[in-house]
Every structure is written in C-alpha cells, then in structure tokens.
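Below, each chain spelled out in residue letters.
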Amino acid sequence: MTNASADRASGPTRRTTLTGLVGGAGALLAAGCSASPATAPPSRHTARAYASASDPTPGVMTLFKDPAFNFNGLFTLGGSGYGSAEVGEVLTAVNTINKAGLSAQSYTETFKTLGDQLRKPPGSGKPDTQTTRFRALRAAQYYAQALFFALGSDTPGSEEALYKAGRGAWDAFCERCDPVPVTARIPYGKTPLPVWFFRPDSSGERRPTVILTNGSDGQNVDMWTYGVAAALQRGWNALVYDGPGQGQLLFVDQVVFTPRWEKVVTPLVDWLSARPDVDTRKIALTGLSMAGDLAPRAAAFEHRIAALVAMPGVLSPWLGFPPEIREILTPDKAKTNAIWNKEVAPGLSPAEGATLKKRIEPFSVPAMLAARAGKMFTDFYTPATLIKSLDITDVVRRIKMPTLVLDYEFEQFYPGQPRQLFEKLTAPKDYVKLTAATGAQLHCSPMAPQQHCEVVFDWLEEKLSGS
C-alpha cells in the first residue's frame, strides 16, 4: 500500500470517498452511486431492465440535498403504505429540518420530537386501541430515524436511550396486535435472541412461516414494512428477531456481528419446528440489506430452510466500503492502526467521522462506546477484519434450496454483487431487478416496499405451494 499521508497530499480521494458512507439500510455512497447497473442474467423470473435517467432520485424524490439524509427520508416515507409512517408527518419533518438547516442534529432532534409526540394521546380525544397501536408503530419508525444519525448529533450518548424509546414503541405496537405476537428469548451463546412471532390468527393452523432477517443498522419496525404485514395478509406466520450486531443485542447487550450466521438461524428453526402452528416443510428465510449476505450464509448450512430470498444478494460486505478505506487494512494490526490513527482519522471532518463511527459500531463494542463518548475509535484493524470475514463467496455453492436474488437499479452499496451471487448459485434460482421505471430504484427499494413484498411473496408462494 502507498503511504497514506502521501495519498492525502496528492488529493482528497480518500476523504471525499468517506462522505456519505453510512451503510446498510441507511444512505447513499458519495462515490460509485452512478455506477452502471449490471445486466440481468437470463431467467424466467428476471424483470425487465428499463432505461431511466441518470439521476437516481429525480424531482420530488429529492427531499434533502445530501444523499445520505435523502435516502433515509425516502426510506421513512416508503413505510407509509404499511402504516409505519404517515406522508404528512414525514414531509412536515422534512420541511422542519430543511428550514432549520440540514444536519445530524436537526434530523435527530426533529424525528425524536415526532416520536415523542406520537407516544402521547392525540389532541383530538381519547384514542382507541388501533389509534394507539399505529401511533406507536410510526413512533418506532421516527425514533429509528433519530437513532440513525445520533452519533453525528450534539448528543451521541443518547444512542441507547433512542434505541430503547423505539423498542418501547415497537413493543407497544405489538401488544395491541390481534393476535399479540408470541415473544420469546431463544438461546444463543450467553445472550438470548429476542423474537416476535406474528400469526394471522389464533387458530393454531399449520402455516408457512418466513424468518425475516434485518441488516446492519435496521430496526424491528423495518421488518414490519419489509415482510410482516405482507406475510399476515397472505396467511403466513412471520418471525422477527434481533441477532448479534442488531437491535437489543447491539445497543443494550453489546454483542457484535458474527460471520457464522447459521449459529443464529438454527436455534430459530429449532424453536419454530417445535410449534404446532408452523408447517416445517415451508419455512423461508429472507435477508434485507447486509442480511443479503447473512441469510445466504445461514442457508448454506441450515438445510431445513425451504426457500431463501437475498434482498439484495451480497457476497462481501467489506467490498461495500470504497477501496480507499479497504486499503487501510493490512495483515499487521499495529501497522493498520498506526495508519488509521496517525494518517487517516486526524484528517476526517466531523461528518466523515460520524459516518465511519456509524459504519463500524455493529462490529466493535469499543468503537461504539467511544462514539457515544464523542470520540473516534482507535482500533480499525479488529472491526475491519470482522467485516472482511463475512465474505460468503466460498460457501454459496452449499446452498441447496430455491433462491431468489433481488437487485436494484442504482444499487449503491453492493453494485454488481447481486448478479455475482446469482451466478455462483448452483441451487434452483431466480433473479429480479427492481427499477426506476416504477419508483423501486435504490438499495432495498425505499420508495416501493409494497412492490418489493409483492415480488418476494409471489415468488415464495410459487416455490412453496407444492412443498
């Protein structure tokens, strides 16, 4: 690797590439987001790749000038179709943020205030159960938005409190569902996995079941939007869970991601298989965002999964970082951290620093705690090595069940990887690219989760109908 300080002296390449790096379900990469979409390989289910303008968010799709904040705003707005947001509330929040001046502080403060308001009774009178229920669901979404940018705000130490506020809203929503989802703590190492098992009714009928796997920075409310509601509408059960590096396990229990995700999913399948209301021949597994890597890893070893969906397909989360970041990592820990601490971290702007803190926190408890204290982490080597270890290239051929790989026009985090994963699969497989022609562009189709779920559940029902 060339000398990092010399790199910086020759131009701002590394530093400009850092801007907007907040990942998973969260932001646009400042570099590479205009990369040409990969051409879909032939498949009976391959969607047409429509031509579109070069701007991934034209016209009214640009809520904020900054692409990272804009992606989050669109993601929030998209949840309106499933009740996890309200169009007027989101657009009013957008106007408030833009008027105050877009920043992590104004974004976090505005969405936290909105969540707080929704956790109180409406001014119109005494709310009924459904009003309270969906106000809680929307509050969970808005707290999740506040949480996402908390590390870049004036109060980075509020992160855990914001998570707990969102979790409290999520639990309040669940408690008012009919039927109430079954909750449990499923054994996993020293820290049990919290799960929420949703059913269409309390009849006890054996039903197909989907295990919904979140990404590197999503919250449970996202799983409502990207699977639970759609599953219930179709008579399916749906299991939501926090794994290591996610939700409660990250923000409270301080357990980071593991590259062996089958160790996470197998206890979930064990638990489901013991239930009389689960058709064990029809257990599907989906993975959203970075879980497009985690779910395939689990399915490569847990063969009781009947169908797999990667949304999008991901071979290596590490390749989602720009090369200017990846080249910091060397085989030598001391050398790597010296480059990071002496030549890279001191040159980061506050916004760039907050971005890297957010990207790294699910992989390092010391990094997360330092960020909450307003400090930059000093050990780059350990979390970077963990992220690199999530590469599933060598295990994809072990997957045996039918697999759907989704891709997105203007995919900004893992461009090209969905097609690469698809091509490596030897199991029965299909590939679908969602496009700007119907507003379903960008990572995870933030503006079109209903289209997204239609594609996923139509495919699942077809594949499992004869199981």
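Structure's up top.
Residues numbered from 1 in each chain as written. Predicted model: local features only at pLDDT ≥ 70, side-chain atom pairs only at ≥ 80, totals over all residues. Heavy atoms only, no water.

## Observations concerning the overall build of the chain
As a reminder, the rule being used: Helix and strand definitions here come from DSSP, where helices need a minimum of 4 consecutive H or I residues and strands a minimum of 2 consecutive E residues; each element is numbered from the N-terminal end. To sort residues, take the accessible area from a 1.4 Å probe on protein chains only and compare it with the maximum for the residue type: under 20% means buried, over 50% means exposed, and anything in between is partly exposed. Whether two residues are in contact is decided by their heavy atoms, any of which lying within 4.5 Å being enough. Shrake-Rupley sampling with a 1.4 Å probe provides the accessible areas, and residues are treated as covered by the protein chains on show and by no other component.
Along its length, the chain carries 18 helices and eight strands. For the chain, the residues scored as buried account for 59% of the 467 residues in total. Expressed as a percentage of contacts within the chain between residues at least 6 apart in sequence, the contacts between residues at least 24 apart total 75%. Carbon together with sulfur atoms contributes 52% to the accessible area of the chain, which is approximately 17400 Å² in total.

## Quick word on the nonpolar core
Grouped burial of nonpolar side chains is what soluble globular proteins tend to show. Inclusion rule: Throughout, nonpolar core names a set of buried Ala, Val, Leu, Ile, Met, Phe, Trp, Tyr and Cys residues whose side chains join them through atoms within 4.5 Å.
Core analysis: the biggest nonpolar cluster contains 77 residues, and Trp170, Phe198, Trp224, Phe457 and Leu460 have the highest contact counts within it. With ten residues, the top contributor of residues to this core is helix 6 (residues 129–148). By size, the runner-up hydrophobic cluster in this structure holds 64 residues, among which are Tyr188, Leu249, Trp261 and Phe377.

## Side note on the packing of helix 5 (residues 104–118) against helix 6
What counts here: Axis definition: a line fitted to C-alpha atoms, limited for helices to the stretch in contact. Angles are taken between N-to-C directions and run from 0 to 180 degrees. Should an angle lie under 35 degrees it is considered roughly parallel, over 145 roughly antiparallel, and from 65 to 115 roughly perpendicular; all remaining angles are considered oblique. Crossings are sorted by hand: turned counterclockwise from the far helix by less than a right angle, the near helix makes the crossing left-handed, and turned clockwise it makes it right-handed. Put simply, Ala, Val, Leu, Ile, Met, Phe, Trp, Tyr, Cys and Pro go in the nonpolar bin, Asp, Glu, Lys and Arg in the charged bin, and everything else, Gly too, in the polar bin.
Where helix 5 contacts helix 6, the axes come no closer than 8 Å and their chain directions differ by 160 degrees. One element, helix 5, and the other, helix 6, form an angle in the roughly antiparallel class. The interaxial crossing formed by helix 5 with helix 6 has left-handed handedness. Side by side, helix 5 and helix 6 meet where Tyr107, Thr108, Phe111, Lys112, Leu114, Gly115, Asp116, Gln117 and Leu118 of the first sit next to Arg135, Arg138, Ala139, Tyr142, Tyr143, Gln145 and Ala146 of the second. Each residue belonging to the contact of helix 5 with helix 6 can be placed in one class, and the counts come to eight nonpolar, four polar and four charged.

## A few points about the sheet that holds strand 5 (residues 278–288)
Within a sheet, each strand pairs with its neighbour through backbone hydrogen bonds, oriented either parallel or antiparallel. Threshold: Only when DSSP finds a minimum of two bridges between them are two strands counted as paired.
Overall, mixed pairing links the eight strands, which are arranged 1-2-4-3-5-6-7-8 in an open sheet. Every interior strand has two partners, whereas the edge strands, strand 1 (182–186) and strand 8 (429–434), have only one. For this sheet the average axis-to-axis angle between neighbouring strands, irrespective of direction, equals 20 degrees. Pairing geometry for strand 5 and strand 6 (residues 307–311), over five bridges, is parallel. Considered in strand 6, the bridge of Thr286 is made with Val309.

## Considering unusual backbone geometry
Here the bond from Asp178 into Pro179 is cis, since omega is 0 degrees, no more than 30 degrees from zero. Structurally, Pro179 is set in the loop between helix 7 (159–175) and strand 1. With omega at 0 degrees, the peptide bond leading from Met311 into Pro312 counts as cis. Mapped onto the fold, Pro312 is located in the loop between strand 6 and helix 12 (323–326).

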